[in-house]
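Observations on the model geometry
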Amino acid sequence: MEKRINTSVFISGRGSNLKSLYKFSKSKKTPIKINLIVTDNKDALGLKFVKKKKIKLLIVNYKNILSAEKLILKLMSKESIQLICLAGFMKILTKKFIKSFKGKIINIHPSLLPKYKGLNTHKRALKNKDKFGGCTVHYVSSKIDSGRIILRKKVKISKMDTENSLKLKVLRAEHKLYPAAINKIKSSF
Ligand code: GRF
């Protein structure tokens, strides 16, 4: 088997994208190996899964962001991490962190970027009576939700959709999009 990309997934909450990435990392032709999970939230729901699968976990105290990031970077280097996948990670990475990490950082966002950066994406799409919602995987840059786009997936919005139903539809699309985006960039490692 070809050498796989050492990957770390950062989460703060439910961790459904982490689960889909984990499944992807166990599939036959996967390009990634998940070596480490990082969280700022010791109570994140997704940690149940991390513990069950016995994946290495770093819980970081974010009271002091600079020392938190220093600790994360140290472990990234120790584990030879080449790719960071943000999956519902609610802390903003500093410019310094992004520059210091000797690898790639990507994120999944629940809208068709560049539309609806930030929070409440589905609410805004519904309010504007958009015909489509969707999700985007992009490189992380120092400007929020603004780095180069890797892949997007459209989801049709029906008249019946509520914020919750749209969120669910988009989430299902996210679970397919994240692995597809990684496959798209794998040759750059
Ligand atoms: C997803 O909607 C993702 O696009 C956004 O945060 C949510 C995380 O969900 N960045 P989960 O924790 O992966 O279930």
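Residues numbered from 1 in each chain as written. Predicted model: local features only at pLDDT ≥ 70, side-chain atom pairs only at ≥ 80, totals over all residues. Heavy atoms only, no water.

Now for the overall build of the protein. The secondary structure content of the protein amounts to six helices and seven strands. Taking 189 residues into account, the globule formula puts the C-alpha radius of gyration at 16 Å, and the protein, at 16 Å, falls close to it. Dimensions of the protein, computed from C-alpha atoms along their principal axes, come out at roughly 50 × 40 × 30 Å. Within the protein, the fraction of its 189 residues that count as buried is 48%. Long-range contacts, defined as pairs at least 24 residues apart, comprise 63% of the intrachain contacts of the protein with a sequence gap of at least 6. Looking at the protein as shown, the accessible area adds up to about 11,200 Å², and 55% of this sits on carbon and sulfur atoms. A distance of 4 Å separates the average location of the 46 positive side-chain charges in the protein from that of its 10 negative side-chain charges. (Helix = DSSP H or I, 4+ residues; strand = E, 2+ residues; numbered from the N terminus. Rg over C-alpha atoms; globule rule 2.2 N^0.38 Å. Buried < 20%, exposed > 50% of the residue type's maximum accessible area, 1.4 Å probe, protein only. Contact = heavy atoms within 4.5 Å. Areas by Shrake-Rupley, 256 points an atom, 1.4 Å probe, with all protein chains shown as cover. Lys, Arg positive; Asp, Glu negative; His and termini not counted. Charge placed at Lys NZ, Arg CZ, Asp CG, Glu CD.)

Near the ligand you find Arg14, Gly15, Ser16, Asn17, Gly88, Ile108, His109, Pro110, Leu171 and Glu174, and these make up its full shell. Interatomic distance of 2.9 Å between a backbone N/O atom of isoleucine 108 and a nitrogen atom of the ligand. Protein contact buries 84% of the 370 Å² of open area that the ligand shows by itself. Listed by contribution, the elements that provide at least two residues to the shell around the ligand are α1 (16-25), β5 (104-109) and α6 (163-185). Split into classes, the residues belonging to the shell around the ligand amount to three nonpolar, five polar and two charged. (Near = heavy atom within 4 Å. Polar contact = N/O pair within 3.5 Å; in protein donor to acceptor, adjacent residues only side chain to side chain. Nonpolar A, V, L, I, M, F, W, Y, C, P; charged D, E, K, R; others polar.)

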